[in-house]
Amino acid sequence: MTKGPAMSSTGKKVGARAETAVFWQRFAVPFEYPVHFTERVFDPDNPVLAETVSRLEPDRCHRCLVLVDDGLLAARPGLCDEIAAYAQAHGGTIDLVTAPIPVPGGEQIKSELYFIERMQGTLFDHHIDRHSYVIAVGGGAVLDAVGLIAATTHRGIRHIRIPTTVLAQNDSGVGVKNGVNLRGVKNFVGTFAPPFAVLNDIDFLRTLDPRDKIAGMAEAVKVALIRDGAFFVWLERHADALAIFERPAMAHMIRRCAELHMHQIAHGGDPFEMGSARPLDYGHWAAHKLETLTRHHLRHGEAVAIGMALDTRYSVLAGHLAAGTEDRICFLLEHLGFRLWHPALGNKTTEGRSAVLAGLQDFREHLGGELTITLLSKIGVGVEVHEMDEALVLEAMHWLEDRETE
Ligand SMILES: NC(=O)c1ccc[n+]([C@@H]2O[C@H](COP(=O)([O-])OP(=O)(O)OC[C@H]3O[C@@H](n4cnc5c(N)ncnc54)[C@H](O)[C@@H]3O)[C@@H](O)[C@H]2O)c1
Ligand SMILES: [Zn+2]
């Protein structure tokens, strides 16, 4: 701590002249959390969850409240019983305060603060304290909402994430952000709050809708494009296997993608995004707008694929990326099953402007001032720009539309 000017014992400043003082408060808090890759996480013979819960106080029994995505439950009705049986088998470690509680799956849970309040009421009813665990099992939307309640109830409760979609396992679930939407703006209410642990179990993907399996791969293409050219080539080589969701290919894709995300958070220099850059948000400015414009009929990953195709073509038009590269990238995305055009790209505001372009303004506000957009300079290497030429964005949109109708 740096000391300011001398103070008298009464706390008044000494001397005739009015002086100001500043005391710099400065400390650093190290964060760490494990991201496990396991299988059949609720098989009583699998020790990972029990060991995770007992990591800090191995001799205690820990109060745990489990919230489960109801879309997942519809596909796997016996899951709550499996979780209860697991807790019973590890009774010395896990005290399930109540049977696992279903919560709305998908964007619905992020669309109204009512769900946040309701879940916080549940935590209150079950006397969840700062040494208890809130365990979320579900897709990225459920993890985002539960992450927010865990971060804000009692100013922070230990939170274990068990992601059950491709996107949540390779991207959202392993990171430090949570959030819900307000007035149509994605993630308007949220915090940066690292989880206590993440347990990735690829078995959950068995029941996932093919559409969601495809959608989650967008984040892998994204991180490959801006961080790891070799991974992009791997994705190209394994596109056939990924397109039919072959398990070994999916497992590698998820792990590598999660690893690249974790590396960015730990070593990118700005884990809580204090600066205006959003280094991993390639293709996301348009994606967030498209999600809202389509009232979430487009999945996040589907919108990201379109947003990346748009920004890739824009990167070429703006002279950052060699012509032809956009075809290679669009070809991979299409091979994986994405469509790269949606009619909402043609939506207009009441003033007759492109509605998607209005997303640039939302993005700027979310960042807090300076617009920072990641474009591509080559496969594996992003480049940040602070301005977008609207005419070129429109040209890139037309290019996508022409591809669709060809
Ligand atoms: N926090 C972050 O850093 C971050 C990053 C990227 C995306 N996100 C957010 O993640 C959300 C998207 O997450 P998502 O792609 O996982 O989709 P999702 O959570 O919307 O889930 C998609 C659907 O699958 C169901 N489901 C979940 N797991 C299932 C399973 N194993 N079997 C059958 N059905 C299952 C859900 O009920 C839902 O209906 C968006 O809200 C997005 O903003 C957050
Ligand atoms: Zn994303």
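Residues numbered from 1 in each chain as written. Chains lettered and ligands numbered in written order. Predicted model: local features only at pLDDT ≥ 70, side-chain atom pairs only at ≥ 80, totals over all residues. Heavy atoms only, no water.

Description of the site of ligand 1
Phase 1: As a structural note, the neighbourhood of ligand 1 is formed by 24 residues, with Asp69, Glu107, Thr164, Thr165 and Lys186 the closest of them.
Phase 2: In the environment of ligand 1, an oxygen atom lies 2.9 Å from a nitrogen or oxygen atom belonging to the side chain of Lys110.
Phase 3: Thr165 places a polar side-chain atom, nitrogen or oxygen, 2.5 Å from an oxygen atom of ligand 1.
Phase 4: Only helix 2 (70–75) and helix 6 (140–152) provide two or more residues apiece to the shell around ligand 1.
Phase 5: Among the residues forming the shell around ligand 1, the class breakdown is six nonpolar, 10 polar and eight charged. (Near = heavy atom within 4 Å. Polar contact = N/O pair within 3.5 Å; in protein donor to acceptor, adjacent residues only side chain to side chain. Helix = DSSP H or I, 4+ residues; strand = E, 2+ residues; numbered from the N terminus. Nonpolar A, V, L, I, M, F, W, Y, C, P; charged D, E, K, R; others polar.)

A few points about the confidence of the model for the protein
Phase 1: Per-residue confidence for the protein gives a mean pLDDT of 93; residues scoring 70 or more make up 95%.
Phase 2: Confidence drops under a pLDDT of 50 for residues 1–5, and excluding neighbours within four residues, the segment shows 11 contacts in the predicted structure. (pLDDT = per-residue confidence, 0-100. Contact = heavy atoms within 4.5 Å.)

Observations regarding the coordination of the zinc ion (ligand 2)
Phase 1: The protein atoms donating to the zinc ion (ligand 2) are Glu219 (OE), His284 (NE2) and His300 (NE2), with metal-donor distances spanning 2.0 to 2.1 Å.
Phase 2: Within one chain, the residues donating to the zinc ion (ligand 2) are spaced in sequence as E-x64-H-x15-H. Within this pair, whereas Glu219 is found in helix 8 (residues 210–227), its partner His300 is found in helix 13 (residues 300–317), the two being separated by 81 residues in sequence. (Donors = N, O, S within 2.8 Å, 3.2 Å for Na, K, Ca; no water.)

Things to note about helix 8
Phase 1: Between its terminal C-alpha atoms helix 8 stretches 27 Å, which fits the 26 Å expected from 18 residues at 1.5 Å a residue.
Phase 2: Counting buried residues along helix 8, 15 of its 18 residues qualify, which places the element largely inside the surrounding structure.
Phase 3: Two or three places before Arg211, at the start of helix 8, stands the capping residue Asp209, its side-chain oxygen 2.9 Å from that residue's backbone nitrogen. (Expected span 1.5 Å × (residues − 1). Buried < 20%, exposed > 50% of the residue type's maximum accessible area, 1.4 Å probe, protein only.)

With respect to the environment of Phe196
Phase 1: Take Phe196: it is sitting in the loop between strand 8 (185–189) and strand 9 (197–201).
Phase 2: The contacts of Phe196, once residues within four sequence positions are left out, are Tyr33, Pro34, Thr52, Arg55, Leu56, Tyr133, Arg158, His159 and Ile160.

Digging into unusual backbone geometry
Phase 1: Located in the positive-phi region is His154, a residue other than glycine, with phi close to 55 degrees.
Phase 2: Its location among the elements puts His154 in the loop between helix 6 and strand 6 (158–163).
Phase 3: In this model, Arg295 sits at a positive phi of 45 degrees, which is unusual for a non-glycine residue.
Phase 4: Examined against the element boundaries, Arg295 turns out to sit in the loop between helix 12 (284–293) and helix 13.
Phase 5: The exposure class assigned to Arg295 is exposed, which follows from its relative accessible area of 71%.

Description of the packing of aromatic side chains
Phase 1: The full count for this structure, using the stated rule, is seven aromatic pairs.
Phase 2: Ring centres of Phe42 and Phe204 lie 6.4 Å apart, and the angle between their planes is 75 degrees; on these two criteria the pair is classed as edge-to-face. Of this pair, Phe42 sits in the loop between strand 1 (35–38) and helix 1 (48–53) while Phe204 sits in the loop between strand 9 and helix 8, and the two are 162 residues apart along the sequence. The residues Phe42 and Phe204 share a single accessibility class, namely buried.
Phase 3: A ring pair is formed by Phe192 and Phe272, whose centres lie 5.7 Å apart and whose planes are at 45 degrees; its orientation type is tilted. Here Phe192, found in the loop between strand 8 and strand 9, pairs with Phe272, found in the loop between helix 11 (247–267) and helix 12; they are 80 residues apart in sequence, far enough to count as distant.
Phase 4: Ring pairing ties together the aromatic residues Phe31, Phe192 and Phe272, which thus form one cluster. (Phe/Tyr/Trp six-rings, centres within 6.5 Å; stacked < 30°, edge-to-face > 60°.)

So, the side chain of Asp203
Phase 1: Summarising the element assignment, Asp203 is placed in the loop between strand 9 and helix 8.
Phase 2: With residues up to four places along the chain from it excluded, the contact list for Asp203 reads Glu39, Arg40 and Arg247.

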